[in-house]
Amino acid sequence: MASRRTNTVLITLFGVLAAGSIVVTGVFDHLLAGDPRVLVVTMKQGVGQEARDLLKRDCGSLPGVSVVADEGNPDPVIQGRFPVRFKIGGATPREEAALETCIDRHRSLVRGLLTEGDR
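Remember, predicted model here, so these are calculated numbers, not experimental data.

A. Just the pairing of strand E3 (residues 84-87), in detail. Taking every second residue as pointing to the same face, the buried face of E3 carries Val-84 and Phe-86, while none of Arg-85 and Lys-87 on the other face is buried. Here strand E1 (residues 38-43) pairs with E3 via four bridges, running antiparallel. Considered in E3, the bridge of Val-41 is made with Val-84. As defined by bridge partners, strand E2 (residues 66-67) adjoins E3 across two bridges and the pair is classed as antiparallel. Note that in E3 the partner of Ser-66 across the bridge is Lys-87.

Quick look at the structure:
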């Protein structure tokens, strides 16, 4: 049988390991993680893949901005229904404003925009 002192040491060790794992997870998931922001641009109904490609080409090469690659079915008929995503993590406010100005020039194609991953 384990002594009372052994039980106390084991319980204390478990508590220290549990608290340490919580702190390490928090540090790596939140403090050291990069900027995860993505600007999601929803297109108007039925504009299709050509409009998405136009928006990506015109606005995706701005400084501080990159286009998030499409995932899933590569068929243009399928992809044409989905929003366009721009990675803006690390972009300055001026670069974000330039992106929104570029998107506004395509207002006949765009329904709205939303920032994902903003903390």
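On we go.
B. Structural detail: the sheet that holds strand E4 (residues 110-116). Across the sheet, which stays open at both edges, the four strands sit in the order E2-E3-E1-E4 with antiparallel pairing between neighbours. Each edge of the sheet is formed by a strand with only one pairing partner; in this case those strands are E2 and E4. Here helix H2 (residues 48-59) sits on the sheet and contacts E1, E2, E3 and E4; the angle it forms with E3, its principal contact strand, is near 15 degrees. Seen against the sheet, helix H4 (residues 93-105) touches E1, E3 and E4 and runs at an angle of roughly 5 degrees to E1.

C. Looking closely at the pattern of salt bridges. Applying the stated rule across the entire model yields six salt bridges. The partner of Arg-37 in a salt bridge is Glu-96, with the nearest N and O atoms 2.8 Å apart. With a gap of 59 residues between them, Arg-37 in the loop between helix H1 (4-31) and E1 and Glu-96 in helix H4 connect regions that are remote in the sequence. Between Asp-70 and Arg-52 there is a salt bridge, with the nearest N and O atoms lying 2.9 Å from each other. Placement of Asp-70 in the loop between E2 and helix H3 (76-79) and of Arg-52 in helix H2 is noted, with a sequence separation of 18 residues between them.

D. Examining a nonpolar patch on the surface more closely. Where nonpolar side chains cluster on the molecular surface, the patch consists of Val-24, Phe-28, Leu-31 and Leu-32 and spans about 460 Å² of accessible area. Considering the arrangement of structural elements, one finds Leu-31 in helix H1.

E. Representation of the state of the cysteines in the model. Going through the model one piece at a time under the given rule, you end up with one disulfide. Paired through a disulfide, Cys-59 and Cys-102 show a sulfur-sulfur distance of 2.0 Å. Taking the sign of the S-S torsion, -90 degrees for the link of Cys-59 and Cys-102, the bridge is left-handed. Taken as a pair, Cys-59 in helix H2 and Cys-102 in helix H4 lie far apart in primary sequence, 43 residues in all. Taking the relative accessible area as the measure of exposure, Cys-59 reaches 0% and is therefore buried. With a relative accessible area of 0%, Cys-102 lands in the buried category.

F. Highlighting the side chain of Lys-56. With respect to the helices and strands, the residue Lys-56 is situated in helix H2. In terms of polar contacts, Lys-56 uses its side chain to reach the side chain of Asp-70, at 2.6 Å. In contact with Lys-56, not counting residues within four places along its chain, are Gln-49, Ser-61, Val-67, Asp-70, Val-84 and Phe-86.

Conventions we followed
Residues numbered from 1 in each chain as written. Predicted model: local features only at pLDDT ≥ 70, side-chain atom pairs only at ≥ 80, totals over all residues. Heavy atoms only, no water. Buried < 20%, exposed > 50% of the residue type's maximum accessible area, 1.4 Å probe, protein only. Helix = DSSP H or I, 4+ residues; strand = E, 2+ residues; numbered from the N terminus. Pairing = 2+ DSSP bridges. Contact = heavy atoms within 4.5 Å. Axes fitted to C-alpha atoms, helices over the stretch in contact; angles between N-to-C directions. Salt bridge = Lys/Arg side-chain N within 4 Å of Asp/Glu carboxyl O. Patch = residues over 30% accessible without salt bridge, like charges linked within 9 Å, V, L, I, M, F, W, Y side chains within 5 Å. Areas by Shrake-Rupley, 256 points an atom, 1.4 Å probe, with all protein chains shown as cover. Disulfide = S-S within 2.5 Å. Polar contact = N/O pair within 3.5 Å; in protein donor to acceptor, adjacent residues only side chain to side chain.

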